[in-house]
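Next come the chains, spelled out residue by residue.
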2 protein chains.
Amino acid sequence: LCSSPSNRSRPLSRVAVSGGTHGNEMSGIYLAKHWLRNPMELRRGSFAVTPFLGNPRAIEKCVRYVGRDLNRTFTTEFLSSAEAEDKPYEVVRAREINQTYGPKGSAQAFDFMFDLHNTTANMGACLIVDSEESLLPMHMCEALLQYKYFEGVTFLSSHSGGRQGSLPMQCPPILSPLCPIGTVFPAFEIEAYKITGRMDYPRYPDGEISAMVHPKLQDKDFLPMNPGDPIFQTFSGEEILYEGDTTIYPAFINEAAYYEKKVAFAKMEKHILFNSLKILLHPLPAPRMD
Amino acid sequence: LCSSPSNRSRPLSRVAVSGGTHGNEMSGIYLAKHWLRNPMELRRGSFAVTPFLGNPRAIEKCVRYVGRDLNRTFTTEFLSSAEAEDKPYEVVRAREINQTYGPKGSAQAFDFMFDLHNTTANMGACLIVDSEESLLPMHMCEALLQYKYFEGVTFLSSHSGGRQGSLPMQCPPILSPLCPIGTVFPAFEIEAYKITGRMDYPRYPDGEISAMVHPKLQDKDFLPMNPGDPIFQTFSGEEILYEGDTTIYPAFINEAAYYEKKVAFAKMEKHILFNSLKILLHPLPAPRMD
């Protein structure tokens, strides 16, 4: 789930849903392909939903990326760099996506974008937004949880899409097509997690990993990690303990795609977000059922 | 776990343990790397254990293989084909491995080989042997279960390594270095599964997958699948039922690496193996603890 910090009240008209930003994350790929075959399933009365495949070459090869991680390539630096034939495919593709659904921050950009991912970590269904200043996505998360579309958790990233270069456009947030039309969002209180840092694996001097995620930590995403808890186990069997001085909440524990990024897990803070605003959506016409 | 059908009583002297036959299956890769750094951990009193990495180029790229699946390349056809520069890397590598630890079926071949793999299916720790005629590996499986080294299941493949081209050498089975020295194997009764076929995903006429593993089947490896049970769910939500006429036991359900092989799950029969032989191992000297 992607959005941006700005808030607005004008009606939205265009939503994009992408799968395969990472070419080996199958749920979004097959959903996007399904919607491309069956576009009526995404039709709504008051706005258009456009599915697309993020990284077709990586999907073809069933790999995360072919040149560089597309979801780290939507930065101003890459989007505005001079064209050159030796650029990785994903730089070219990021520009295409930005031209088609953006450009980021421009008036002609799509109003909202969902980007569908998988993780090998035990994180359940997870909604990732890029700023807690985005009120409506936060309400949406709460509504999705409330309506039991997901038994999931909300997760706040500390970095904006712009800084890290993930897919979201710099465009205002709007209501998910999943939500019942005319939903009144009550004041909400929502459990959320915010990335504060990342933990690498222990390594030998030559850089090779020397320990694995401790069996007691594996699959314990979003549960408290206290100082002194075992977090790694060397291949000889010794325990390595968490040396922080506060309780944190890890996520992306042992995510397979993050070995290359030197991340054994993300360190997170737990927050309870409360907002007293009530947001009434425009009462929309019923969706066409044709 | 790999072995061969022949049985013998002469002492064994050389065991090989490989990781990274598939370059993205990390457990065996890190174990083999660990043992290469710490060879004393594999030292035993009466036989030598040699760790090695199966597919270094695939490990480097963290992919299953770079040219073709190495674990389908140990066939006589590939091992004996004419040398040519345009051969996939894995054909060259299979020959190297066969020359170093085999050749298959020859007198100088290693006595036993473990090949360490991962699966994305919910199969627990799983011992795969290539023939139920291999008595000692069967006993070993039972002993491993009995000694609780694994909370696993035994799984019998219907194909021999030679036919499918997986790694095992054509050499006699011997006792695992994991088993206590001098273990007396009692007559055993062991639950085992034997592959009888494979089930592909439902597909559109153009070959694209049209349904996913049904949520009720996901993670239910080794549990009974009865005629009429839901096995797939189309992306529009329709259920597809199992149309067989007998109960089977699926495994490798939704294994990520088998999408390319057009396998949604392996169909298996459940067997109770019973053998009244008692096999007494040579009483071996205690392992050196240096």
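Definitions and limits used
Residues numbered from 1 in each chain as written. Chains lettered and ligands numbered in written order. Predicted model: local features only at pLDDT ≥ 70, side-chain atom pairs only at ≥ 80, totals over all residues. Heavy atoms only, no water. UniProt positions renumbered as here; feature names shortened; annotations may be inferred. Helix = DSSP H or I, 4+ residues; strand = E, 2+ residues; numbered from the N terminus. Buried < 20%, exposed > 50% of the residue type's maximum accessible area, 1.4 Å probe, protein only. Contact = heavy atoms within 4.5 Å. Areas by Shrake-Rupley, 256 points an atom, 1.4 Å probe, with all protein chains shown as cover. Pairing = 2+ DSSP bridges. Axes fitted to C-alpha atoms, helices over the stretch in contact; angles between N-to-C directions. Least-squares fit on C-alpha atoms with pLDDT ≥ 70 in both. Polar contact = N/O pair within 3.5 Å; in protein donor to acceptor, adjacent residues only side chain to side chain. Patch = residues over 30% accessible without salt bridge, like charges linked within 9 Å, V, L, I, M, F, W, Y side chains within 5 Å. Salt bridge = Lys/Arg side-chain N within 4 Å of Asp/Glu carboxyl O. Lys, Arg positive; Asp, Glu negative; His and termini not counted. Charge placed at Lys NZ, Arg CZ, Asp CG, Glu CD. Phe/Tyr/Trp six-rings, centres within 6.5 Å; stacked < 30°, edge-to-face > 60°. Lys NZ or Arg CZ within 6 Å of the ring centre and 35° of its normal. Expected span 1.5 Å × (residues − 1). Buried area = accessible area lost by both parts, 1.4 Å probe. Nonpolar A, V, L, I, M, F, W, Y, C, P; charged D, E, K, R; others polar.

Where an unreviewed UniProt entry is consulted, chain A appears under the name N-acyl-aromatic-L-amino acid amidohydrolase, with the organism given as Terrapene triunguis. Within the UniProt record for chain A, the comment given under Sequence similarities (unreviewed entry) is "Belongs to the AspA/AstE family. Aspartoacylase subfamily."

Draft legend 1. Expanded view of the overall build of chain A. When helices and strands are counted, chain A shows 6 helices and 12 strands. Burial analysis of chain A (290 residues in total) assigns 49% to the buried set. For chain A, contacts bridging at least 24 residues in sequence account for 73% of all contacts bridging at least 6. Of the roughly 13700 Å² that chain A leaves accessible, carbon and sulfur atoms contribute 53%.

Draft legend 2. Just the sheet that holds strand E1 (residues 14-19) of chain A, in detail. Residues and elements named next belong to chain A. Taken together, 3 strands build an open sheet; the order of strands is E2-E1-E3 and the sheet is parallel. Edge strands, defined here as strands with exactly one partner in the open sheet, are strand E2 (48-53) and strand E3 (112-116). Sheet twist, expressed as the mean angle between neighbouring strand axes with direction ignored, is 20°. As paired strands, E1 and E3 are joined by 5 bridges and run parallel to one another. Opposite Val-15, over in E3, you have Phe-112 as the bridge partner. Helix H1 (residues 26-37) contacts E1, E2 and E3 of the sheet and is inclined by roughly 125° relative to E2. Contacts between helix H4 (residues 89-101) and the sheet are confined to E1, E2 and E3, with E2 contributing the most and set at about 170° to the helix.

Draft legend 3. Spatial organisation of the relation of the copies chain A and chain B. Expressed as a screw transformation, the operator carrying chain A onto chain B has a rotation angle of 180° and an axial translation of 0.0 Å, and the superposed copies differ by an RMSD of 0.0 Å. The two molecules are tied by a two-fold rotation axis, judged by turn and shift. Taking C-alpha positions as reference, the residue of chain A nearest the rotation axis is Val-63 of chain A, located at 4.2 Å. Comparing interface residues between copies, 100% of those in chain A also lie at the interface in chain B; the contact surface is shared.

Draft legend 4. Representation of the environment of His-22 of chain B. All names here are of chain B. You can see His-22 is positioned in the loop between strand E1 (14-19) and helix H1 (26-37). Residue His-22 is classed as buried on the basis of its relative accessible area, which comes to 4%. For the pair His-22 and Leu-116, spaced 94 residues apart in the sequence, the C-alpha separation amounts to 9.1 Å. Not counting the four nearest positions on each side in its chain, His-22 is found in contact with Ile-29, Val-63, Arg-64, Asp-69, Asn-71 and His-117. A polar atom in the side chain of His-22 sits 3.1 Å from the side chain of Glu-25.

Draft legend 5. Focus on a positive patch on the surface. Together, Arg-57 and Lys-61 of chain A together with Arg-57 and Lys-61 of chain B line one region of the surface with positive charge. Secondary structure elements with two or more residues in the positive patch: helix H2 (56-61) of chain A together with helix H2 (56-61) of chain B. Note on placement: Lys-61 of chain A falls in helix H2.

Draft legend 6. Here's a closer look at the packing of aromatic side chains. All told, the structure shown has 22 aromatic pairs over all chains when counted by the stated rule. Arranged with centres 4.8 Å apart and planes meeting at 20°, the rings of Tyr-201 of chain A and Tyr-259 of chain A form a pair that is stacked. Taken as a pair, Tyr-201 of chain A in the loop between strand E7 (188-199) and strand E8 (211-213) and Tyr-259 of chain A in the loop between strand E10 (239-241) and strand E11 (265-275) lie far apart in primary sequence, 58 residues in all. Taking the centre distance of 5.1 Å and the plane angle of 75° together, the rings of Tyr-101 of chain B and Phe-110 of chain B count as edge-to-face. Across the pair, Phe-110 of chain B and Tyr-101 of chain B agree in class, each one buried. Chaining the aromatic ring pairs together yields one cluster made of Tyr-30 of chain A together with Tyr-201, Phe-232, Phe-235, Tyr-259 and Phe-265 of chain B. Directly above the ring of Tyr-204 of chain A sits Arg-37 of chain B, whose terminal nitrogen or CZ lies 3.7 Å from the centroid.

Draft legend 7. View of H4 of chain A. All names here are of chain A. Over its 13 residues, H4 runs 18 Å from end to end, which matches the ideal 18 Å to within 8%, given 1.5 Å per residue. Burial in H4 covers these residues: Tyr-89, Glu-90, Val-91, Arg-93, Ala-94, Arg-95, Ile-97, Asn-98 and Tyr-101. Turning to H4, the residues buried within the fold contact E1, E2, H2, helix H3 (76-80) and E3.

Draft legend 8. Representation of the interface of chain A and chain B in the model. In this assembly, 13 residues from chain A lie in contact with 13 residues from chain B. Together chain A and chain B conceal approximately 1500 Å² of surface at their shared face, both sides included; 55% is due to carbon and sulfur atoms. Across the contact surface, chain A and chain B share 4 salt bridges. Between Asp-206 of chain A and Arg-37 of chain B there is a salt bridge; the shortest N-O distance is 2.6 Å. Where chain A touches chain B, the interface holds 10 residue pairs in polar contact (both at pLDDT 80 or more). Tallied by class, residues from the side of chain A that touches chain B come to 5 nonpolar, 3 polar and 5 charged.

Draft legend 9. The arrangement of unusual backbone geometry in detail. All names here are of chain A. Across the junction of Gly-102 and Pro-103, the peptide omega takes the value 0°, indicating a cis bond. Structurally, Pro-103 can be placed in the loop between H4 and E3. Residue Phe-222 is not a glycine yet carries a positive backbone phi of 70°. Looking at where Phe-222 falls in the secondary structure, it is placed in the loop between E8 and strand E9 (230-234). Owing to a relative accessible area of 9%, Phe-222 belongs among the buried residues under this scheme. Despite not being glycine, Lys-262 shows a phi value in the positive range, around 55°. Take Lys-262: it is sitting in the loop between E10 and E11. The exposure class of Lys-262 is partly exposed, given its relative accessible area of 46%.

Draft legend 10. Spatial organisation of the sheet that holds E9 of chain A. All names here are of chain A. Spatial ordering of the open sheet is given by E8-E9-E10, a layout of 3 strands whose pairing is antiparallel. Two strands in the sheet have a free side with no partner beyond their single neighbour: E8 and E10. Mean inter-strand twist for the sheet, computed between neighbouring axes without regard to direction, equals 35°. Both E8 and E9 contribute to a ladder of 3 bridges, which runs antiparallel.

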